[in-house]
Each structure stands twice: as C-alpha cells, then as structure tokens.
Amino acid sequence: NVECGQNCPCGSSCENQRMRRKKIVKNEISYMGRKGWGFITKEDIIPGELVGEYIGELISREEKDRRLGDTYRGYRNFYLLDLDSKICIDATKMGSPTRFINHSCNPNATTEKWSVDGRQRIGIFAIKYISKGTEVTFD
C-alpha cells in the first residue's frame, strides 16, 4: 500500500493521503479493567476506514529485547508493535492514542503497512462496521 505524494494531481481533495494528514477518528481512552486502557471510538467507523496511525519511537529488534528484559520489567502496560523483522515501534513513552488499541481474538480492526514518502508506517484500519462507543481492537 502506497499513499500519494505531496504532488498528487488531486491536490487537497486526494483521498489517499490519510496518514500524511494525520487523520484519526474521534476517540476517548478509557480504563478497561484487566486489559488496562482501551481506545473507544466516538464516531461510527466503516470497513476500510483508517482509525489512525500507530506512532512511536523506532527501535531495533535488539533494543526491543533489551527493553523487555530490563527497562519494562515490572511494567504492567507497554506498547510495542513490530514494523518488520528488524524494526519495532515503541509507543510506551511517546505515541498516538492508537497505542491503547487492545488485542482481541474477535477484532474489529487490523494493522496495515503503508509507504508514505518512501517510509514504512503502520495504519490501523476497520475490518467491520464499528459503532460509536465501541472499543477498537486488533489481532
């Protein structure tokens, strides 16, 4: 998946620049009990719609392993997502609200890799209709 560049002939009406424009659905972060914090949508989301981008610090696989064994030892909540086999996004200390999207065996969203200006980024996209007030989850 590739987003259009800044020079897209569609200009500001281009529908394929969602991550570049930092689109994110209206949301609230709520405490979900045992799962910790969760991402609740404040608007209806249709299948295929971008929920938001997963943003955080890019770290190596080695640094991820070090943090899991040292820095995050004893942490109840930390937010790591593999971008590929070598790079991980760590949203524990800095990131967007999408870091609070929890895992589910029956998810309503999924992650997708997108190329934006030649850089790999992760978007969270709805895979089914998600009604306002529902927790967004992925597998």
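Preceding this paragraph is the structure being described.
Please read all numbers here as calculations on a predicted model, not as lab measurements.

Peer 1: Help me out: how do you make sense of the pattern of salt bridges in this one?
Peer 2: One side chain can pair with another of opposite charge once the charged atoms of both are near each other. One pass over the structure, following the stated rule, counts 12 salt bridges. Here Lys23 makes a salt bridge to Glu49, at a shortest N to O gap of 3.3 Å. Linking Lys23 in the segment before strand E1 (27-31) with Glu49 in the loop between strand E2 (37-41) and strand E3 (50-54), this pair joins segments that are 26 residues apart in sequence. Between Asp82 and Arg61 there is a salt bridge, with the nearest N and O atoms lying 3.2 Å from each other. Pair noted here: Asp82 is in strand E5 (residues 80-82) and Arg61 is in helix H1 (residues 61-71), with a separation of 21 residues, a long-range link. On the basis of relative accessibility, which here comes to 33%, the residue Asp82 falls in the partly exposed class. The network of salt bridges with shared partners includes Glu57, Glu63, Arg66, Arg67, Asp70 and Asp90.

Peer 1: Where do I start with the sheet that holds E5 in this structure?
Peer 2: Picture the strands of a sheet paired through backbone hydrogen bonds; they go either parallel or antiparallel. Spatial ordering of the open sheet is given by E4-E6-E5, a layout of three strands whose pairing is antiparallel. Unpaired on one side and paired on the other, strand E4 (57-60) and E5 mark the two borders of the sheet. For this sheet, the mean angle separating the axes of adjacent strands, direction not counted, is 30 degrees. With four bridges joining them, E4 and strand E6 (residues 87-90) adopt antiparallel strand pairing. By the bridge assignment for E6, Ile59 is matched with Cys88. The sheet contacts of H1 involve E4, E5 and E6, and relative to E4 the element is tilted by about 95 degrees.

Peer 1: Please clarify how a nonpolar patch on the surface should be interpreted in this entry.
Peer 2: A cluster of nonpolar side chains, contributed by Ile29, Tyr31 and Trp37, occupies part of the molecular surface with about 300 Å² of accessible area. Note on placement: Trp37 falls in strand E2. Residue Trp37 is classed as partly exposed on the basis of its relative accessible area of 38%.

Peer 1: Just checking my understanding: could you explain unusual backbone geometry for this structure?
Peer 2: A negative phi angle is the norm for most residues apart from glycine, just as the trans form is the norm for most peptide bonds. Even without glycine at this site, Lys22 takes up a positive phi of about 55 degrees. At Asp117, a position not held by glycine, the phi torsion is positive, near 55 degrees. In this structure, Asp117 sits in the loop between strand E8 (109-116) and strand E9 (119-126). The exposed category is assigned to Asp117, whose relative accessible area is 53%.

About the thresholds
- Residues numbered from 1 in each chain as written.
- Predicted model: local features only at pLDDT ≥ 70, side-chain atom pairs only at ≥ 80, totals over all residues.
- Heavy atoms only, no water.
- Salt bridge = Lys/Arg side-chain N within 4 Å of Asp/Glu carboxyl O.
- Helix = DSSP H or I, 4+ residues; strand = E, 2+ residues; numbered from the N terminus.
- Buried < 20%, exposed > 50% of the residue type's maximum accessible area, 1.4 Å probe, protein only.
- Pairing = 2+ DSSP bridges.
- Axes fitted to C-alpha atoms, helices over the stretch in contact; angles between N-to-C directions.
- Contact = heavy atoms within 4.5 Å.
- Patch = residues over 30% accessible without salt bridge, like charges linked within 9 Å, V, L, I, M, F, W, Y side chains within 5 Å.
- Areas by Shrake-Rupley, 256 points an atom, 1.4 Å probe, with all protein chains shown as cover.

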